Amino acid sequence: MKAAYFENYGSIEQLKVKDQPVPEPEEHEVLVRNHASSLNFGNVGHVKGEPFFIRVFTGFGSPKNHIPGGDVSGVVEKVGKQVTGFKPGDGVMADAAESGFGAFAEYVTVKSNAVVPKPVNLSYEETATLPLAACTALAGLKKGNIQSGQNVLIVGSTGSVGPFAVQIAKSHGAEVTAVCSGKKAGFVRFMGADHIIDYKTEDFTDNDTTYDLIAGIAGTHSMSDFKKKLTPTGTYVNIGGSMKQFSNAFTTGPLLYLFGRQEFTILMYMADKQSLMEVKQMAEEGTIKPTITKTFALDQIRDAYRYYESGHAAGKIVITM
Ligand SMILES: NC(=O)c1ccc[n+]([C@@H]2O[C@H](COP(=O)([O-])OP(=O)(O)OC[C@H]3O[C@@H](n4cnc5c(N)ncnc54)[C@H](OP(=O)(O)O)[C@@H]3O)[C@@H](O)[C@H]2O)c1
């Protein structure tokens, strides 16, 4: 099979498309003939080995897995002995992140607890945008106990996770303010945001508005900045952001919220069937719509990574096999 391959942590320029053996599914795994995948922040980190904390998942000294890619959208080719509920020919979407990655390839094995039927109304390319990004957005907002009528702030609304967070928050009946770069404001408004703050010209801390729920997906703000922007019973959910924001969340975050009624939580999303099933249902109901910014063939994998790094993407970059 053809697969995107890299040997050691380093530049994305070392990625090449190579012939690799088709993997054999273990007892609890499904072998998928993969039609499409999509790029996420972690796929870039996997190849580069940075930020360093990513090596907790990908291997400290050298990469444990040499084919990146987590999002899977394709057709079941073969199932392991213990797998029930799937058979060859079934259309599926899956998340291979906890199965050793390997989705930027024509075939990939995935633990069956991270495989669900594909949304019936979406193409394979559209389906490929959902597994990590939409599930992370959903898990983050649920962790923040999103409720109808809440005033919600989404910091980092244009990448992979953000546009789904905006759509899911709107579907829960929230009033959504999205923080993004001004050039992508139209896109985020199209996703449903009620208000936009262009972080290049305005800091969201520079006004008196407070929020019931803040999702921190990108940016460099301190945990006390977020705390000041919450209502007295508001919740801050840390999903991502710069290394500084991310490490602050683990160090100062819990201490800041020891007293009082405001809540603080950190999302560490791990692929799970329930989230995938909920996202499938939301896609079929039209509650969330895939956001493809550009599609690349597997042979153009380096171009796809370069496009991601250019910062021009608004929504998902899809890779077709
Ligand atoms: N907690 C979890 O389980 C989990 C799971 C998946 C991902 N993540 C994390 O979530 C984060 C986002 O992932 P992603 O895949 O969506 O990344 P992404 O596709 O790179 O998107 C990040 C977006 O943030 C925007 N941005 C940059 N600086 C900003 C700022 N100061 N304020 C507001 N927006 C800013 C950028 O767009 P513009 O500047 O052009 O608007 C960019 O589109 C990453 O840190 C990732 O590690 C966490």
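S.K.: Teacher, can you tell me more about the nonpolar core here?
M.R.: Within soluble globular proteins, side chains that are nonpolar generally end up buried alongside one another. The biggest cluster of nonpolar side chains holds 95 residues, and the ones touching the most others in it are V32, I154, A165, A169 and A215. The greatest single-element share of this core, amounting to 8 residues, is contributed by helix 4 (residues 131–143). There are two domains that each give this core at least three residues, and those are domain 1 (2–130 + 290–320) and domain 2 (134–266). Not counting the four nearest positions on each side in its chain, I154 is found in contact with G162, A165, V166, A169, V176, A178, V179, A215 and I217.

S.K.: Please explain the environment of S247 as it appears in this structure.
M.R.: Tracing the sequence through the fold places S247 in helix 8 (residues 243–256). Judged by the 14 C-beta atoms lying within 10 Å of it, S247 is partly exposed. On a C-alpha basis, the gap between S247 and K78 in space is 41 Å, while along the polypeptide they are 169 residues apart.

S.K.: Looking at this structure, I do not really get the site of the ligand. What am I missing?
M.R.: The environment of the ligand is made up of 27 residues, and the closest members are G159, S160, A218, G240 and Y269. Of all elements in the fold, only helix 4, helix 5 (161–171) and strand 9 (175–180) reach the threshold of two or more residues within the shell around the ligand. Structurally, the shell around the ligand is a two-domain feature, drawing no fewer than three residues from each of domain 1 (2–130 + 290–320) and domain 2 (134–266).

S.K.: I tried to follow the sheet that holds strand 11 (residues 211–216) on my own but got confused; where do I start?
M.R.: Sheet strands pair via backbone hydrogen bonds, and the direction of the pair is either parallel or antiparallel. On the basis of which strands lie adjacent, the open sheet formed by 6 strands has the order 10-9-8-11-12-13 and parallel pairing. Because the sheet does not close on itself, it has two edges, and the strands there are strand 10 (195–198) and strand 13 (263–266). Each strand of the sheet is rotated relative to its neighbour by a mean of 15°, with strand direction disregarded. Here 4 bridges tie strand 9 to strand 10, and the two strands are oriented parallel to one another. If you follow V179 over to strand 10, its bridge partner there is I197. Strands strand 8 (151–155), strand 9 and strand 11 of the sheet are contacted by helix 5, whose axis makes an angle of about 175° with strand 8.

S.K.: Looking at this model, I keep getting lost on the environment of V115. Mind explaining?
M.R.: Along the chain, V115 falls in strand 7 (residues 115–117). Overall, the presence of 28 C-beta atoms within 10 Å leaves V115 in the buried class. For the pair V115 and P131, spaced 16 residues apart in sequence, the C-alpha separation works out to 9.5 Å. Not counting the four nearest positions on each side in its chain, V115 is found in contact with V30, F86, V92, A94 and V110.

Reading the values: the criteria
Residues numbered from 1 in each chain as written. Predicted model: local features only at pLDDT ≥ 70, side-chain atom pairs only at ≥ 80, totals over all residues. Core = buried A, V, L, I, M, F, W, Y, C linked by C-beta atoms within 7 Å. Buried ≥ 20, exposed ≤ 12 C-beta atoms within 10 Å, placed from the backbone. Helix = DSSP H or I, 4+ residues; strand = E, 2+ residues; numbered from the N terminus. Domains from an automatic or database assignment. Contact = placed C-beta atoms within 7 Å. Near = placed C-beta within 6 Å. Pairing = 2+ DSSP bridges. Axes fitted to C-alpha atoms, helices over the stretch in contact; angles between N-to-C directions.

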